[in-house]
Amino acid sequence: SDPSSYDINFEGVGKDVVINENSFGNVNFKGETINQMLTANLTTRFRGQNQEIKGTVNFAAPDLPLNAETTFDKTRLAPYIGIFRKPDPNSIAIGGTATGGVFLAGNLMKLDGGKRVFTSENLKGTARFSQFDLLIDETPLNATQPIALSFTMSEARVESATFAGGGSNLVV
């Protein structure tokens, strides 16, 4: 079907959401299409701290461009790190806090054999943090200058990062 005819609207709450054994509490989500532009918000509440992700999808463009972003403000990192780690009782704890922003953009559709198909391979993003403090097991590792990352759906690249803590300095 033609995405320009999409009129998607939704609102709801996921109660007691758990991903890889990490609790995100309630997750609120809402989306509304106005003039062929879907605007959506997703908000988690973890230990009294809200984290909002805002996004748009342009249904008027055949490639369905997506933009999504979130801002961290001394945000606890443990539940987000946990999304990407397999639960293992023998693994070390990784947590910390960060202040900065993450931005993701790209087309959700591509041409494949003359037909449009959904894809995530065109999504790319950046993450920039003015404050980034990790706690690896009981060892602190704190960024001594802003951190910059770029990523795709298949890789992440550290543009700049310098850490100090636990008797070590690390430059990436």
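Along every chain, residues carry numbers that run from 1 in the direction the sequence is written. Note on the predicted model: pLDDT of at least 70 is required for a residue's local features to be given, and 80 or more for side-chain atom pairs to be given and counted; whole-chain, interface and lining totals, by contrast, use all residues. Each side-chain value is derived from all of the structure's non-hydrogen atoms; neither hydrogens nor water enter the calculation.

Asks: Run through empty space enclosed by the protein, naming residues and quoting values.
Replies: If a probe as big as a water molecule is rolled over the atoms, it shows which places are left empty. Only protein atoms enter the 1 Å grid used here. Points where a 1.4 Å probe fits but cannot escape make up a cavity, open sets with protein on both sides within 12 Å along at least five of seven lines make up a pocket, and a residue lines them when an atom lies within 4 Å of a point. Grid points are joined across faces, edges and corners, and a volume is the space filled by probe spheres set on the points. Taken as a whole and judged by the stated rule, the model has one cavity of 30 Å³ or more. Size it by volume and the largest cavity reaches roughly 30 Å³. Around the largest cavity, the lining residues are Thr44, Phe46, Gln49, Gln51, Thr75, Arg76 and Tyr80. Secondary structure elements with two or more residues in the lining of the largest cavity: strand E3 (37-46), strand E4 (49-58) and strand E5 (65-76). In this description a helix means any DSSP run of H or I spanning at least four residues, a strand means any run of E spanning at least two, and both kinds are numbered starting from the N terminus.

Asks: Got a sec to walk through the side chain of Thr33? Specific residues and values, please.
Replies: Considering the arrangement of structural elements, one finds Thr33 in strand E2 (residues 22-34). Within the local environment of Thr33, its side chain forms a polar contact with the backbone oxygen of Ile8, the two atoms lying 2.7 Å apart. Residue contacts are counted whenever heavy atoms from the two residues lie within 4.5 Å of one another. When residues no more than four places from it in sequence are discounted, the contact partners of Thr33 are Tyr6, Asp7, Ile8, Asn9, Leu38 and Phe59. For the purposes of these results, a polar contact is taken to be a pair of N or O atoms within 3.5 Å, where, inside protein, one atom must be able to donate a hydrogen and its partner to accept one; residues adjacent in sequence count only when each atom of the pair is a side-chain atom.

Asks: Got a sec to walk through the layout of surface pockets? Specific residues and values, please.
Replies: Volume-wise, the largest pocket comes out at about 1400 Å³. Lining the largest pocket are 44 residues, and of these Phe72, Tyr80, Ile83, Phe84 and Val102 sit closest to its centre. Around the second largest pocket sit 15 residues that line it, and Asn22, Gly82, Arg85, Ser91 and Ala93 are the ones nearest its centre. Elements represented by at least two residues in the lining of the second largest pocket include exactly helix H1 (78-83) and strand E6 (94-107). Here the lining of the second largest pocket takes three residues from H1, the largest share from any one element. Residues are grouped as follows: Ala, Val, Leu, Ile, Met, Phe, Trp, Tyr, Cys and Pro are nonpolar; Asp, Glu, Lys and Arg are charged; every other residue, Gly included, is polar. Residue classes in the lining of the second largest pocket are distributed as six nonpolar, five polar and four charged.

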